[in-house]
Amino acid sequence: MHDRRRGPGGLKGGGRPPWWPADEPFPPRSSEDWGAMRGRFFRRIAIGIGIFFLFVFVAGWLGSTFGGGFHEGRRGGPWFLVFPILLLIGFLAFGRLVRRTARPIGEVMYAAARVAEGDYTARATVQGPSDVRDLARAFNRMAERLQINEEQRRNLLADVAHELRTPLSVIRGRVEGMADGLYEPGGDDLALIGAETTVMARLLDDLQLLSNAEAGALRLHRERLEAGELVETAEAAHRTDATERGVTLRTEVAPDLPALDVDRVRIGEVLANLVSNALRHTTSEGTVTIAAELDERGVAFRVTDTGEGIAPDELAHVFDRFARSPESRGSGLGLAIAKSLVQAHGGSISADSERGRGTTIRFVLPAAPSDVR
């Protein structure tokens with residue numbers, strides 16, 4: 001049986017579909033406008049058809065009333081000529097209205113057929129009545145999003161192939177060397193192979209986590225937590241690393257923060273990733289600060305370092321997959337995963353940096369319902 005109680009996106013009650021971009025509100029603000037516009041469009045069509053038939057009826061009534069004398073041998077005035085003229089004018093006006101509406105709709109249908117065949121560059125011509133122009137613009141936005149998604153998919157495949165190529169080449173070279181007798185099986189060679197397989201396994205795990213989070217399929221085990229507890233856990237986990245690097249690790253927790261309803265492990269991963277990045281990019285005698293503060297949307301967590309900072313052209317892409325600086329040795333998925341995990345909790349994340357003055361990564365999580373102030 002088909003469930004008729006479905007909202008935008010095909011989900012019961014109008015719930016957020018898993019494929020909807022996490023950084024955009026659902027339902028979109030324009031969805032209500034589209035509902036009203038659809039109603040206006042059908043009303044206009046109905047009114048146009050009604051006016052046409054009313055025009056034909058009035059013209060017929062005038063012709064039968066005032067032109068009847070023609071059949072009785074009397075001319076009956078000019079009505080026997082006015083009637084067919086009015087009828088012709090009505091047909092022409094109605095035909096023009098239909099053509100003015102049908103042609104741009106046909107353009108949208110043609111563009112839709114091209115998109116269905118895989119041509120995501122297809123765009124509909126914006127013309128016709130206002131409602132039809134809105135339809136064409138909406139279709140073009142949809143096609144643009146599909147084109148962007150397709151480009152991202154291809155880039156992702158290329159990036160994954162690039163990331164896997166290096167460890168696979170190392171493993172292949174060592175195995176072939178052992179088979180040819182160039183290397184003795186065991187010892188450092190096996191350790192190197194094991195290390196490279198660990199790199200590949202970690203990359204695949206990260207990709208799986210990122211895919212599940214972006215698809216809305218990540219299962220969160222939420223529990224009531226205090227923001228200070230998360231900050232203290234992150235500080236304790238990285239205290240030794242900070243000491244070895246000669247970096248001062250500080251914490252700042254504002255008083256009376258609302259409780260959070262979050263997955264301890266996932267948000268712990270977010271903070272761990274941000275603190276690890278900050279420590280790697282902060283020189284000796286620098287400072288990394290882990291802070292939690294009140295925000296109008298809930299609780300804001302902030303990780304600030306005094307490192308080299310991020311160049312402006314790189315800052316806009318820090319949360320993209322495989323985005324990393326030339327000197328980075330990571331996979332480039334850490335911040336992309338952090339963004340997806342924060343958004344899976346209904347939060348948002350942002351980055352602010354200045355070259356030579358450090359970087360701040362800030363994410364906001366909504367407060368637990370009973371603690372919203």
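Remember, predicted model here, so these are calculated numbers, not experimental data.

What counts, and at which threshold
Residues numbered from 1 in each chain as written. Predicted model: local features only at pLDDT ≥ 70, side-chain atom pairs only at ≥ 80, totals over all residues. Heavy atoms only, no water. Helix = DSSP H or I, 4+ residues; strand = E, 2+ residues; numbered from the N terminus. Expected span 1.5 Å × (residues − 1). Bend = angle between axes of the 7 residues up to and from the residue. Axes fitted to C-alpha atoms, helices over the stretch in contact; angles between N-to-C directions. Parallel < 35°, antiparallel > 145°, perpendicular 65-115°, else oblique. Left-handed = near helix turned anticlockwise from the far one by under 90°. Contact = heavy atoms within 4.5 Å. Nonpolar A, V, L, I, M, F, W, Y, C, P; charged D, E, K, R; others polar. Buried < 20%, exposed > 50% of the residue type's maximum accessible area, 1.4 Å probe, protein only. Salt bridge = Lys/Arg side-chain N within 4 Å of Asp/Glu carboxyl O.

It is worth spelling out helix α3 (residues 130–179) at this point. At 3.6 residues per turn, the α-helix brings residues three or four places apart onto the same side. Here α3 contains 50 residues, and its C-alpha end-to-end distance of 72 Å stays within 8% of the 74 Å for a straight helix at 1.5 Å per residue. Arg-165 marks the point of greatest bend in α3, at about 30°, and the proline Pro-167 comes within the next four residues. Among the residues trailing α3, Gly-181 stands out with phi positive, at a value near 85°.

This part is about the packing of helix α5 (residues 227–245) against helix α6 (residues 264–280). Where α5 contacts α6, the axes come no closer than 10 Å and their chain directions differ by 30°. Classified by the angle between their axes, α5 and α6 sit roughly parallel to one another. α6 is crossed by α5, and the crossing has right-handed handedness. Facing Glu-229, Leu-230, Ala-234, His-238, Asp-241, Ala-242 and Arg-245 of α5, the residues of α6 in contact are Arg-264, Ile-267, Leu-271, Ala-272, Val-275, Ser-276, Leu-279 and Arg-280. Split into classes, the residues belonging to the contact of α5 with α6 amount to eight nonpolar, two polar and five charged.

To continue, consider the environment of Arg-355. Note on placement: Arg-355 falls in the loop between β6 (348–354) and β7 (358–366). Given a relative accessible area of 49%, Arg-355 falls into the partly exposed group. Not counting the four nearest positions on each side in its chain, Arg-355 is found in contact with Glu-308, Gly-309, Ile-310 and Ala-311.

All chains considered together, the criterion is met by 15 salt bridges. For Asp-134, the salt bridge is made with Arg-137, and the minimal N-O distance between the two is 3.1 Å. With Asp-134 and Arg-137 both in helix α3 and three residues apart, the pair spans about one turn of that helix. The shortest N-O distance in the salt bridge between Arg-239 and Glu-235 comes to 2.8 Å. You can see Arg-239 and its partner Glu-235 sitting in helix α5, four residues apart, about one turn around the helix.

Just distances and angles here, no functional claims.
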